[in-house]
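Listed here are the chains, written in short residue letters.
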Amino acid sequence: MIGYDWTEAKFFWFYNYMLASLILCDLDTKLSDLRNLHVFLPQSIWNLFSGNASGWTLYGSITSQVGDQDLIEHSIVQNTGLVDTGKIFARKPSYDSESSSIATTASENLGSHQSDSSSAEPQETVSEVTQVHDDVDAQKAETEGQEQTSALSTSVGESNKANTASMSESLDQKVVQRRIPPPGDGKKIYDIDPMLKSYDGHLDYRYGQYIKLREEIDKNEGGLEVFSRGYEIFGFTRSATGITYREWAPGAKAASLIGDFNNWNSKADVMTRNEYGVWEIFLPNNADGSPAIPHGSRVKIRMDTPSGIKDSIPAWIKYSVQAPGEIPYDGVYYDPAEEDKYVFKHPRPRKPTSLRIYESHVGMSSTEPMINTYANFRDDVLPRIKKLGYNAVQIMAIQEHSYYASFGYHVTNFFAPSSRFGTPDDLKSLIDKAHELGLVVLMDIVHSHASKNTLDGLNMFDGTDGQYFHSGSRGYHWMWDSRLFNYGSWEVLRYLLSNARWWLEEYKFDGFRFDGVTSMMYTHHGLQVEFTGNYNEYFGYSTDVDAVVYLMLVNDMIHGLYPEAIVVGEDVSGMPAFCIPVQDGGVGFDYRLHMAVADKWIELLKKRDEEWQVGDIVFTLTNRRWGEKCVVYAESHDQALVGDKTIAFWLMDKDMYDFMAVDKQATPRVDRGIALHKMIRLITMGLGGEGYLNFMGNEFGHPEWIDFPRTDQHLPDGRVIPGNNGSYDKCRRRFDLGDAEYLRYHGLQEFDRAMQHLEEKYGFMTSEHQYISRKDEGDRVIVFEKGNLVFVFNFHWTNSYSDYRIGCSFPGKYKIVLDSDDSLFGGFNRLDDSAEFFTSDGRYDDRPCSLMVYSPCRTAVVYAAVDGNEDSSLVPIGLVPDDV
């Protein structure tokens, strides 16, 4: 065992301790009962008393390197399959004579040469490690039968014998074993939302399916914590003696590993399979100790499938690249020398109370027409985000995607960071720098669908339609032109759960924004349906219970392993209990994206100001489920795409190109646009949720849409969709416009910065005190309180109000802490920001006191209640120096 000095005396103490412990368990024990424990011992010591133990394979994994006594006590239960009742659970061997002959015969299709390490000899039956949960009756677990089939529920053949011990060593090096808490009773949702009681049949069934799946995982895989570490078994794993490659491809008839390292010779490294469709090969180190596959080698798996011979990128590949002049990607064996691997230097920041997200895309983050890099984003964009006052950065398009214009949503390689922007270590450096700046980093993760590519994606991976996805029409998203996962498949669950954990463990992301959750939760995928809020829409035959249970599993796994992690779900349906913890019966997200708000603003911007209804605005912003947090946004990347318009473009249109210089007279359209751009963003942040999101560049009203480089597309019917000659001109962010003090874009950027710093100081998004005291349709005025702040919005296009009385909760003195009309923000300076305002007694607008203010047209002003000795802290946030 790595980290332990196995002297002879210590070994015999260890052996005697195990025997004594087993006797205390009142078990009929013999030496062979310790067979699985050999993985903790050097082979030479085991052979002293057991003979040849090489036929036994590892089923469990000790994931903590603790004191000897703790290790022994845990190993007796974990690695012999012993539970409190003393029962032993066993599975049939993976290789019998039939499966062996299948592997040998099928391999002839790819070449008769068999690797020395790929022997297909029969193997003995072994005891499986099980970690049955405390509240699961052991007798029930034994007699219920196996309802799910695991690709790892039996060993993967004697080809393991050269690397099983080393595999266990790699698992043993984990520093701390973490445990995912057991499920609750799932009943609290009925107390939170009594209306759900009418749908308890559906909800109890859903929770029952979740409990059942957790129990099956506990019984067959050693628990969710172990199950979610599939990347330690599948794909390429390195040990002291060599490299093991495993792949689940049950439809394949033969498979071999090919690549630069063996000159793409399909006969050189033929793989063997077990009866559950797991193909495997072990490549021992070269004579000089170097790995058989050099770092950076291109690799693929060649399979004889029902659809013919095909070369695929390994499903668990950690890096892939596109060779110059080629279309399909190649997998890359990525394993740099220890001295070249990036080492994280900074701890994760604490989870912020109020979440202010800067949504970003690395590739288009340059001011130049080019694909930007992780390194440039780290050095140039992260400091900008910090200066603006955001506390989180959400990064799109991380998972490898062969089609750049998919915005990263047609994923081809789920475990590989996009190579367009740099190497995996470059990405780690980016995240570490963000942590140094105090920014949490969220990944825009895609588990809702996958690219339909067959050459470099998961589609038809083993030559069958239904390996990772539903077969037939159910497995195809007609609008997105992509494949849909089968969340009821055991190995799909392993793959996706492990994928989420991989990004948290390996790259230290702080959480996720799960894309397309609405599509996952319903068999109609939210297409051609309208959600009205009727609960029948959420709990019926159109609900994909398998998908919802997967979301419960992944949220439980994430929060169990990383309590500080943040998980946001993109759901437009309004599914009840979406942001309630799983143990209480909910789906388990921390936040829901409040997507209806952006749609409302676009709807209003198509109308004249006179047609806006302030009550409608307030209703949309506050129409969310009690007790469930939301991330709100006025616009995201969706509104910035070509074919759509940003808020700034809706407001100012082509005038943005000619009238944004501060030394030039603005048009009425520009004046209106600048005023409403600020008001829309502030009221969205003020009333819309507990978190706020902005897509990069929109903070200063980016004047250009996003148009990815593309060429002409020739359709089968002869039509041609014109491209843009592969131009990157509109696939960038003109940060220079927001920084230019001589342009009006700068004022919008400064207002956004002031808004973020105001929230940082007062925490108004998550304040428990919120009261909307006025929605005046005649005056077009909205007044509301958040904490000790009073927000006053005057949406009237011409009317300004002097001595305008507004209600408030706290008596005393108020001062202006944010004024959208400040000249720093491109306003007209109609207010004296140094003025003091004193309250009058007597109820007004159902508030205990009130104060008189001046409210100019198209302005948003925030007042703060202050004590006499706090004046110095109330300088308007927009005037705070840049280095704050």
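Above this note sits the structure.
Description of the structure in this document.

Definitions and limits used
- Residues numbered from 1 in each chain as written.
- Predicted model: local features only at pLDDT ≥ 70, side-chain atom pairs only at ≥ 80, totals over all residues.
- Heavy atoms only, no water.
- Helix = DSSP H or I, 4+ residues; strand = E, 2+ residues; numbered from the N terminus.
- Buried < 20%, exposed > 50% of the residue type's maximum accessible area, 1.4 Å probe, protein only.
- Contact = heavy atoms within 4.5 Å.
- Areas by Shrake-Rupley, 256 points an atom, 1.4 Å probe, with all protein chains shown as cover.
- Phe/Tyr/Trp six-rings, centres within 6.5 Å; stacked < 30°, edge-to-face > 60°.
- Lys NZ or Arg CZ within 6 Å of the ring centre and 35° of its normal.
- Arc of directions from axis to C-beta.
- Pairing = 2+ DSSP bridges.
- Axes fitted to C-alpha atoms, helices over the stretch in contact; angles between N-to-C directions.
- Parallel < 35°, antiparallel > 145°, perpendicular 65-115°, else oblique.
- Left-handed = near helix turned anticlockwise from the far one by under 90°.
- Nonpolar A, V, L, I, M, F, W, Y, C, P; charged D, E, K, R; others polar.
- Salt bridge = Lys/Arg side-chain N within 4 Å of Asp/Glu carboxyl O.

With that settled, consider the overall build of the chain. Looking only at helices and strands, the chain features 21 helices and 34 strands. Considering the chain as a whole, with its 884 residues, one finds that 60% of them fall into the buried category. In the chain, of all internal contacts separated by at least 6 residues, the share reaching a separation of at least 24 is 75%. Summed over all atoms, the accessible surface of the chain reaches about 33600 Å², with 50% contributed by carbon and sulfur.

All right, on to the packing of aromatic side chains then. Within a pair of aromatic rings, the relevant descriptors are the distance that separates the centres and the angle that separates the planes. Per the stated rule, a full pass over the model turns up 50 aromatic pairs. For the ring pair F751 and F825, a centre distance of 5.4 Å and an interplane angle of 80 degrees mean the geometry is edge-to-face. With F751 in helix α21 (residues 744–762) and F825 in the loop between β30 (813–819) and β31 (836–838), the pair connects residues that are 74 residues apart, well separated along the chain. Residue classification places F751 among the buried residues on the basis of a relative accessible area of 1%. Geometry around F415 places K318 over its ring, the cationic atom sitting 5.8 Å from the centre. Directly above the aromatic system of W650 lies the positively charged group of K645, at a separation of 4.6 Å from the ring centroid.

With that settled, consider helix α16 (residues 614–622). Every α-helix carries 3.6 residues per turn, so stepping three or four residues along brings you back to the same face. Those residues of α16 that sit buried are V614, I617, V618, T620 and L621. Angular distribution of buried residues about the axis of α16 spans 165 degrees; they occupy a single face of the element.

All right, on to the sheet that holds strand β13 (residues 392–396) then. Pairing is parallel around the closed barrel formed by eight strands, whose spatial order is β12-β13-β16-β19-β20-β21-β22-β23. Averaged over all pairs of adjacent strands, the angle between strand axes in this sheet comes to 30 degrees, irrespective of strand direction. With four bridges joining them, β13 and strand β16 (residues 440–445) adopt parallel strand pairing. The residue of β16 that forms the bridge with A392 is V440.

In this section: the packing of helix α15 (residues 596–605) against α16. Closest axis-to-axis distance for the α15/α16 pair is 9 Å, and the angle between their directions is 160 degrees. Looking at the two axes, α15 sits roughly antiparallel to α16. As for the relative orientation of α15 and α16, their crossing is right-handed in sense. On α16, the residues that touch A596, V597, K600, W601 and L604 of α15 are D616, I617, T620 and L621. Tallied by class, residues from the contact of α15 with α16 come to six nonpolar, one polar and two charged.

Turning to the environment of Y550, a few remarks are in order. Summarising the element assignment, Y550 is placed in helix α14 (residues 545–561). With relative accessibility at 0%, the residue Y550 sits in the buried group. Discounting residues that sit within four places of it in the chain, Y550 has contacts with H447, Y487, L493, L496, L497, F514 and M520.

Before going further, it helps to spend a moment on the side chain of R501. Tracing the backbone through its elements, the reader meets R501 in helix α12 (residues 490–506). Its relative accessible area of 2% is what places R501 among the buried residues.

Side chains I566 and V568 of strand β20 (residues 566–569) all project onto a buried face; the interleaved residues V567 and G569 project onto the opposite face, where all are buried too. In the sheet, strand β19 (residues 511–514) pairs with β20 via four bridges, with the strands oriented parallel. Along β20, the bridge assignment pairs F514 with G569. Note that β20 and strand β21 (residues 591–594) share two bridges and pair parallel.

Moving on to the pattern of salt bridges. According to the stated counting rule, one finds 58 salt bridges in the structure shown. Overlapping salt bridges, with partners in common, bring together E225, R229, E232, R501 and E505 in one network.

Below, the discussion takes up unusual backbone geometry. For F407, which is not glycine, the phi dihedral falls at a positive 65 degrees. Its location among the elements puts F407 in the loop between β14 (399–400) and β15 (413–417). A relative accessible area of 3% places F407 in the buried class. A positive phi angle, close to 65 degrees, is found at D846, a residue other than glycine. Position of D846 relative to the elements: it lies in the loop between β32 (840–844) and β33 (847–855). Among the residues examined, D846 registers a relative accessible area of 46% and is labelled partly exposed.

Across the sheet, which stays open at both edges, the four strands sit in the order β3-β4-β7-β6 with antiparallel pairing between neighbours. The sheet is open, and its two edges are formed by β3 (235–238) and β6 (272–273), each paired on a single side. Pairing analysis gives two bridges linking β6 to strand β7 (residues 278–284), with the strands arranged antiparallel. Among the inter-strand pairings, T272 is bridged to a residue of β7, identified as E280.

Turning to the packing of helix α10 (residues 374–388) against α21, a few remarks are in order. Where α10 meets α21, the axes come as close as 8 Å, and the angle between the chain directions of the two elements is 65 degrees. Between α10 and α21, the angle is such that the two are roughly perpendicular. Contacts between α10 and α21 involve R384, K387 and L388 from the former and Q749, D752, R753, Q756 and H757 from the latter. Tallied by class, the residues present in the contact of α10 with α21 amount to one nonpolar, three polar and four charged.

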